[in-house]
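Single-letter residue listing:
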Amino acid sequence: QVQLVESGGGLVLAGGSLRLSCAASGRSLYGMGWFRQAPGKEREFVGAISWSGGTTYYADSVKGRLTISRDIAKNTVDLQMNSLKPEDTAVYYCAAKRGTVERVPAGDYAYWGQGTQVTVSS
């Protein structure tokens, strides 16, 4: 069993930055993903990182602005978000799964955090 707790959300002006963190309990050998869900929209993939931290994947909409990293010793995964846009406003979730995280849909992730709100104002 893995428990995930996100933190770091908040309100930021367009062009600003936020850093989200996901703290995981239990084993650290899981691939981790970040997803987001805006009001009235489906949950969408943001990015993911392999269990070793050696490989990352990003949605085209966030490439070059968002960076995922992980600290295996601390069992945390961070999402650094720069050059934020109003369309980045959403609840952000971290998720964990065994095995690959390459091109994996949300439904394949076994564990989810409660989410943290990110609001970008123009």
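The paragraphs below set out a description of the structure included in this document. Just so it is clear, the model here is predicted, and its values are computed rather than measured.

1. A closer look at the nonpolar core
As a rule of thumb, nonpolar side chains are buried together in soluble globular proteins.
(1) Moving on: Membership of the largest hydrophobic core comes to 28 residues, with the highest contact counts inside it found for Leu4, Met32, Trp34, Leu79, Met81 and Tyr92.
(2) Moving on: At the level of secondary structure, the elements contributing two or more residues to this core comprise strand 3 (18–24), strand 4 (31–37), strand 5 (44–49), strand 7 (66–71), strand 8 (76–81), strand 9 (90–97) and strand 11 (116–121).
(3) Moving on: Excluding residues within four positions of it along the chain, tyrosine 92 makes contact with Glu6, Leu20, Trp34, Phe35, Arg36, Val46, Leu79, Met81, Gly115, Thr116 and Val118.
(4) Moving on: Core analysis: the next-biggest nonpolar cluster, separate from the first, contains six residues, Phe35, Ala95, Val104 and Tyr109 among them.

2. Notes on the sheet that holds strand 3
Strands belonging to one sheet form pairs held by backbone hydrogen bonds; the direction of such a pair is parallel or antiparallel.
(1) Moving on: Judged by pairing direction, the sheet is antiparallel, and its four strands sit side by side in the order 1-3-8-7 without closing on themselves. Every interior strand has two partners, whereas the edge strands, strand 1 (4–7) and strand 7, have only one. If you compare each strand with its neighbour and ignore which way they point, the axes differ by 15° on average.
(2) Moving on: Summarising the sheet, strand 1 and strand 3 pair through four bridges and their orientation is antiparallel. Looking at the pairing, serine 7 lines up with serine 21 of strand 3.

Quick notes on the rules
Residues numbered from 1 in each chain as written. Predicted model: local features only at pLDDT ≥ 70, side-chain atom pairs only at ≥ 80, totals over all residues. Heavy atoms only, no water. Core = buried A, V, L, I, M, F, W, Y, C linked by side-chain atoms within 4.5 Å. Buried < 20%, exposed > 50% of the residue type's maximum accessible area, 1.4 Å probe, protein only. Helix = DSSP H or I, 4+ residues; strand = E, 2+ residues; numbered from the N terminus. Contact = heavy atoms within 4.5 Å. Pairing = 2+ DSSP bridges. Axes fitted to C-alpha atoms, helices over the stretch in contact; angles between N-to-C directions.

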